[in-house]
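Spelled out, the chains give:
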Amino acid sequence: MAAYLSAPAVIHGEHTVKTSQIVAEVRDRHPHAAWAPRIDGIAASTGIDSRGWMLPLETAVAPGSGSGNGLRDVGVEPAQEALAREGFSRQDVDRVIAALETVPAPQTVQERTAPAWEAVQSYGERAARGALQAAGLDASDVDCLITSHSTTPALPGLDVALANRLPLRSDVLLLPATQWACIAGTRSLALAADLVAADPDRVVLVVIAEALSTTYQPADDTLESLIVRLLFADTAVAAVVTGRQRRESVLRLDAAWHHTLPGTQDLHRLETRADGTHFVMDRRGPRAVQETVTAMWEWLRVRYQDHPGAWHPDVLLAHPGGTRVLEYMEQTMPEEWPSGLLDYSRDSYASGNRGGAAVFDILRRAHDAGQQKAGNRAVLYAAAPGLTATALDGEWL
């Protein structure tokens, strides 16, 4: 399978949003929520003090450009008629209608998504250019582009946008994978490895740009919605995969593994409603993710069964989505494996869940630390709504 990965480019959201800001905004908006007395403890339990967004918090919580939230669905005339039937005088009806018209309306899907989509394209372009520079290549060298951006649906998507922005050759193969979500990092590399295995002279550019802040929904008052507000960060990443080792190559990918759990498609999901995209979480999700971790350990055990007790990864670049699964991974590792394998994953998560961009961010942190020696083994892992997982086994160069 040998494929060669250059150092990824990572562009973090430039607007720092502190957890204290989110807590203050939510507390002010939902003072009577059942979880309100526990909000400080809930926020602290995430371990995230701040995260970077492509757009400021004020953009996410701003009212829509329209007004009359109470009238938008029924219209002014039906409201007037209903009030009149209830015995309101004409003067009282006018006062009520005037008051309702001043109530700010929530943002529409278009108002929420359009600026985020523009940001995703801009950040994606910057990441792509950074990855090409790191690989010592130009846009004209790219033969295939793989993209993912689950939180900003668009048609045409990021693939076509980047083909024009960079620009790419007209014969470049474009492979958009919008719905990969959290698994985009590992699965895009697995696909890229298959592409260069078929033609070692191919150059594959992978770009993932996620504006996860679009799932911040001010009106939601569920505990799950509070957690979503606290977890997500915005990031764009990119990397180049080639079929032949280059001077700029930092990691060789040797094998890929895929796993899908049947009947788990409803555990975590995105829903598009009138006011935008909502990420719906199920408390059973971490347990399901743990099942994929167990299956991955078995894959690695079989893969290295000729070296029992003598093999272990030197670093785990894992995006399971939360601290509970990181803890589970540590608890279920063979006892003889060294500690600290997930340090870079924890470091990345401390500034937010980056979704599909996470594994590239974690890889970049491990690369920049300068502690990985040639021959060290790396395992990359991610799980996503579905519930599905992909892992790769590789070697530092």
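Sequence order sets the numbering: in each chain, residues are counted from 1 along the sequence as written. Per-residue local features are limited, in this predicted model, to residues with pLDDT of at least 70; the limit for side-chain atom pairs, both in listing and counting, is 80 or more; totals at the level of whole chains, interfaces and linings are taken over all residues. Only heavy atoms go into the side-chain values, all of them from the structure, while hydrogens and water stay out.

Caption draft 1: A look at the pattern of salt bridges. The term salt bridge refers to a side-chain nitrogen of Lys or Arg lying within 4 Å of a carboxyl oxygen of Asp or Glu. Counted according to the given criterion, the structure contains 24 salt bridges. We note a salt bridge from Asp143 to Arg169, for which the minimum N-O separation is 2.9 Å. Of this pair, Asp143 sits in the loop between α6 (109-135) and β5 (144-148) while Arg169 is found in the loop between α7 (158-165) and β6 (173-176), placing the two residues 26 residues apart along the sequence. Helix and strand labels come from DSSP, where a helix needs a run of H or I of at least four residues and a strand needs a run of E of at least two; each type is numbered from the N terminus.

Caption draft 2: Quick look at the packing of α6 against α7. The geometry of α6 relative to α7 is characterised by a closest axis approach of 10 Å and an angle of 55° between their N-to-C directions. Here α7 runs oblique to α6, going by the angle between their axes. The interaxial crossing formed by α6 with α7 has right-handed handedness. Counted together, Trp117, Glu118, Val120, Gln121, Ser122, Gly124, Glu125 and Arg129 of α6 and Leu158, Ala161, Leu162 and Arg165 of α7 form the full contact between these two elements. All axes here are fitted lines through C-alpha atoms, helices being fitted over the stretch that makes contact, and every angle between N-to-C directions spans 0 to 180 degrees. Note that the term roughly parallel is reserved for angles under 35 degrees, roughly antiparallel for angles over 145, roughly perpendicular for angles of 65 to 115, and oblique for everything else. In this scheme the handedness of a crossing depends on how the near helix is turned from the far one: anticlockwise by less than a right angle means left-handed, clockwise means right-handed. Contacts: residue pairs with any heavy atoms within 4.5 Å of one another.

Caption draft 3: Quick peek at helix α1 (residues 19-29). For α1, the complete set of buried residues consists of Thr19, Ile22, Val23, Glu25 and Val26. Down the axis of α1, the sector holding all buried residues measures 165°, keeping them to one side. What points out from α1, more than 90 degrees from its buried face, is the exposed set Ser20 and Asp28. Packed against the buried residues of α1 are β3 (15-18), α2 (39-45), β4 (50-53), α3 (57-61) and α9 (223-231). Exposure is judged per residue with a 1.4 Å probe applied to protein chains only, and the accessible area is read against the type maximum: over 50% gives exposed, under 20% gives buried, and values in between give partly exposed. Summarising the geometry, the arc corresponds to the directions from the helix axis toward the C-beta atoms.

Caption draft 4: View of the side chain of Thr388. Following the sequence through the fold, Thr388 ends up in strand β14 (residues 388-396). At 3.0 Å, the side chain of Thr388 and the side chain of Thr260 are in polar contact. Discounting residues that sit within four places of it in the chain, Thr388 has contacts with Ile183, Arg187, His259, Thr260, Ala382 and Ala383. Here a polar contact means two N or O atoms within 3.5 Å. Within protein one must be a hydrogen donor candidate and the other an acceptor candidate, and residues neighboring in sequence count only if both atoms are side-chain atoms.

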